[in-house]
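# Fold and geometry: a report
Take a look at the letters that make up each chain.
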Amino acid sequence: MAACGRVRRMFRLSAALQLLLLAAAGAQKLTAGPGGAGGGWKLAEEESCREDVTRVCPKHTWSNNLAVLECLQDVREVRSFLFFFFSFGKGYLVSCLVDHRGNITEYQCHQYITKMTAIIFSDYRLICGFMDDCKNDINILKCGSIRLGEKDAHSQGEVVSCLEKGLVKEAEERDPKIQVSELCKKAILRVAELSSDDFHLDRHLYFACRDDRERFCENTQAGEGRVYKCLFNHKFEESMSEKCREALTTRQKLIAQDYKVSYSLAKSCKSDLKKYRCNVENLPRSREARLSYLLMCLESAVHRGRQVSSECQGEMLDYRRMLMEDFSLSPEIILSCRGEIEHHCSGLHRKGRTLHCLMKVVRGEKGSLGMNCQQALQTLIQETDPGADYRIDRALNEACESVIQTACKHIRSGDPMILSCLMEHLYTEKMVEDCEHRLLELQYFISRDWKLDPVLYRKCQGDASRLCHTHGWNETSELMPPGAVFSCLYRHAYRTEEQGRRLSRECRAEVQRILHQRAMDVKLDPALQDKCLIDLGKWCSEKTETGQELECLQDHLDDLAVECRDIVGNLTELESEDIQIEALLMRACEPIIQNFCHDVADNQIDSGDLMECLIQNKHQKDMNEKCAIGVTHFQLVQMKDFRFSYKFKMACKEDVLKLCPNIKKKVDVVICLSTTVRNDTLQEAKEHRVSLKCRKQLRVEELEMTEDIRLEPDLYEACKTDIKNYCSTVQYGNAQIIECLKENKKQLSTRCHQKVFKLQETEMMDPELDYTLMRVCKQMIKRFCPEADSKTMLQCLKQNKNSELMDPKCKQMITKRQITQNTDYRLNPVLRKACKADIPKFCHGILTKAKDDSELEGQVISCLKLRYADQVNWLELFTEVCLERPLYSWGQIKNCEDQIRIIIQESEVLNMLKESKADIFVDPVLHTACALDIKHHCAAITPGRGRQMSCLMEALEDKRVRLQPECKKRLNDRIEMWSYAAKVAPADGFSDLAMQVMTSPSKNYILSVISGSICILFLIGLMCGRITKRVTRELKDR
């Protein structure tokens, strides 16, 4: 197209004159001049322009020179023509008015400048100073020609676009080959800023997105950046053209470098930026202008509770969402994660999928990520702050929409507690798989900086500043990095009042909430994952189910590296105080908690009460398998360290330090303290060395340990093979394995047999530790022995065994325990105490050969029987002579007592005789007299080993049982006869005699008599010696 020489000269003069007049007066009518609609010179009538105007512009614009210019500037073929009109002079006046068009109050002047701006931005050469600043860069970057008259390789709008891409590319490379000069950078950003309110001013984007604008933003009015925002929101739509998407991305990258490129953001946040000093003059522009700096600064104000206008917060939300949607808008991500993106996440560049792909890699699910990339991701998460509003993360929002609508519908949309709600429903039926993955990927980063949980930060910022010496929201400290602040908070959360410096109630509640969430997944605990990464791979690589990794680490606690062991130990110790941290366990145990433990579950401070309640109710009918397994596992973990039992630790901490130093395992501590308590009791010490509160809690721990053989590690290890051989079909719990081993005791291996015997000895000494007996006879104990001491519980049950109200199962269990007592005198505490002096005397040889930890298998009892009752035939004769002859008087019966002196020592030996193999049938008279009573009261008792005789004796003692008169008389006769039995037996040798003397109540008297006798003999000897000596002398003298 030919140039219009006369038009050029007149237009330059007219435009300059018009602008000068407008600037001076502000009210000149634009329509009266050359650009108006009135008379005068018209551009459309010029011969050199008539053809173009007629072809391109609507007829109604021909009379308005400014409208014709606007029309022509949209046509690429004509745009170079306009350069000649505005190349006259420096153009500072136009540029100044364009820069300040927002402050022009005169409507007509504002409209004129707006139209002139559109014309000016049609060619970069018309922009004041732009060509001077970017002349060299245009040539270096090969963005087109700037020489007049030379045909351009690109349109003038594309030249600016080329420069913008060069600026963006430089920011995304560590060592860029071509760098844009500082003057040109400022000019490019300034042009982008000036074109930020109307997308028509960005010529490249306008031509690239004209069709997309009509498709997506047809009803969006131009101006104030509205069209830009509309197009940004539709950038990842499938029908969006690739050319427009690329132009929009370039525009967004410029906004990331300078927030002023976004008209709406700069306008909405202008006052807030000034108020909170987010654009301080002395800061370098590269920092203060960056979108990330602006967001961090204003977010800090919001988190501190400061007021930020709703318009500004709305804009911030849009641009935070924009950064999360497209990773390419963050130069740090491009620089640090380029290799990881290409390797793991290629083809996932839409709707935040790339960032979530990188997050997934960081979690270790798809490989590994470099530290620089991890840090860049962490920084981006802080800039966008999706923890404050889940909608910022579009991938999470879309994946979790259905879950939010069902599980979290009671929470206002955009509330920070939405994320907590989603975490609470993790691994539940309401959670969907895609939402679960997106949620955990985001929570991985939030858990590594306490500030990214806005509720936690709001409630705990005061405590963190006071106790952990933290700084502002967007400030960091090398001494207290973000990841260490939460560790500091939870250390103070569980301090007692005596320890001081506790958290506020609100902060403590938030710390507990976070701990509950972290217990869901080991990867949400930064310290645990960091220190235990190697151990997780070594011991737990196959544990992929929910919650299994932490359980695995606890199971291998003794095998872990020191740092990992300390962290797992501290976490387990924390769980013992507040088991609600174990969210998965709490979810599994919810029915039991509601039915049996709701009173302790509602306590704000747990202190171990809830777990104790769950253990006590572990075998309720309502108990489900998951809860039972979880509770048992926690019990097993507790055995590894006494600190893992909170109530035990708090009750016995001082006692352990004093009496059991250097002992760590709980079972060893329990044994140590129990032994101390027993010794103090036996020695009748004036003061127990173990405190009263510790003794009470010690009792609880002892009772809990009897329920499952796995809670007694030494016994379990010794009997593993035997359990496999003889009890493989028996389930753990309820002491069923222990009972099975007792029933197969004779077949057990030596080591297991010894351990089981020791256990039985302890149970017989303290029947309350006999879990099976206490469980089977629980109701009978309440009925018959409510006030009985734990030591005499079995004795009380034996006395009431034949009651008509006695439960058959309990009766059978009591009989089993009676039979067990006959296998070894040490299993019968009453006999052991009564025969304390006589067993060493008569059965010394057996005791010498026996080992302390081996069972005597009835040898001592047999010894006593042989000593005192090896005359069954004599007993029959005794029955016939002493009881069947009525002519005999009791004096004659006393003559019979001389015959039983050698076989009866005391009542306990007689009881053993009654319960021996020589049962009631060896006494025909008694057997005949009591036949009906045996059938009525002892039918369920197997004959032999004195069982039926014992049954009759107990029935006689029970006032509620009525025996036949004849049977009752015969039994009373025998008891009366046995009461006259001799208390001691004649000694077999000098050693036995010495033993009898030393154990006799008249020891002092006997020793005195013996000493006196010796003295008398000594004196007689002296006298006899003198006499014989004198006789000898007389004989010599002869």
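Conventions we followed
Residues numbered from 1 in each chain as written. Predicted model: local features only at pLDDT ≥ 70, side-chain atom pairs only at ≥ 80, totals over all residues. Heavy atoms only, no water. Helix = DSSP H or I, 4+ residues; strand = E, 2+ residues; numbered from the N terminus. Buried < 20%, exposed > 50% of the residue type's maximum accessible area, 1.4 Å probe, protein only. Contact = heavy atoms within 4.5 Å. Areas by Shrake-Rupley, 256 points an atom, 1.4 Å probe, with all protein chains shown as cover. Phe/Tyr/Trp six-rings, centres within 6.5 Å; stacked < 30°, edge-to-face > 60°. Axes fitted to C-alpha atoms, helices over the stretch in contact; angles between N-to-C directions. Parallel < 35°, antiparallel > 145°, perpendicular 65-115°, else oblique. Nonpolar A, V, L, I, M, F, W, Y, C, P; charged D, E, K, R; others polar. Disulfide = S-S within 2.5 Å. Core = buried A, V, L, I, M, F, W, Y, C linked by side-chain atoms within 4.5 Å. Left-handed = near helix turned anticlockwise from the far one by under 90°.

In the nomenclature of an unreviewed UniProt entry, the protein corresponds to Golgi apparatus protein 1 from the organism Canis lupus dingo.

Moving on, we come to the overall build of the protein. Tallying secondary structure elements over the protein gives 58 helices and zero strands in all. Counting all 1038 residues of the protein, 51% fall into the buried class. In the protein, of all internal contacts separated by at least 6 residues, the share reaching a separation of at least 24 is 63%. For the protein, the exposed surface amounts to about 52,700 Å²; the carbon and sulfur share of it is 51%.

This paragraph deals with the packing of aromatic side chains. Within this structure, the stated rule accounts for seven aromatic pairs. Judged by centre distance (5.2 Å) and plane angle (65°), the rings of Y206 and F207 are edge-to-face. For the residue pair Y206 and F207, the accessibility class agrees, reading buried in each case. Here the aromatic rings of Y228 and F232 are separated by 6.4 Å at their centres, their planes lie at 25°, and the arrangement is stacked.

Here helix 16 (residues 291-303) crosses helix 20 (residues 371-384) at 55°, and the two axes come no closer than 8 Å. Of the possible angle classes, the one that applies to helix 16 and helix 20 is oblique. Judged by residue contacts, S292, L295, M296 and E299 of helix 16 engage Q382, E383 and T384 from helix 20. Grouping the constituent residues of the contact of helix 16 with helix 20 by class yields two nonpolar, three polar and two charged.

To continue, consider the state of the cysteines. Summed over the entire model, instances satisfying the criterion amount to 24 disulfides. Bridging C540 to C552, the disulfide has an S-S length of 2.1 Å. Since a negative S-S torsion denotes a left-handed disulfide, the C540-C552 link at about -90° is left-handed. On the criterion of sequence distance, the pair formed by C540 in the loop between helix 27 (526-539) and helix 28 (548-555) and C552 in helix 28 is long-range, its members being 12 residues apart.

By size, the foremost hydrophobic cluster in this structure holds 102 residues, and its most contacted members are L291, L298, I333, L377 and L422. Ignoring anything within four residues of it in the chain, the contact list for L291 reads I255, A256, Y259, L265, Y319, M322 and L323. Counting residues in hydrophobic clusters, the runner-up holds 23 residues, among them C468, V485, C507 and L574.

Here helix 22 (residues 417-424) lies mainly inside the structure; six of its eight residues are buried. Regarding helix 22, the residues found buried are I418, L419, S420, C421, L422 and M423. Against helix 21 (394-407), helix 23 (433-446), helix 26 (505-518) and helix 30 (583-588) lie the buried residues of helix 22.

Here we come to the packing of helix 33 (residues 609-616) against helix 34 (residues 625-638). In a packed pair of helices, the relevant descriptors are the angle between the two axes and the axis-to-axis distance. Between helix 33 and helix 34, the shortest axis-to-axis distance is 10 Å and the interhelical angle comes to 115°. When the axes of helix 33 and helix 34 are compared, the crossing they make is left-handed. On helix 34, the residues touching M611, L614 and I615 of helix 33 are V631, F634, Q635 and Q638. When the residues that make up the contact of helix 33 with helix 34 are grouped by side-chain class, the tally is five nonpolar, two polar and no charged.

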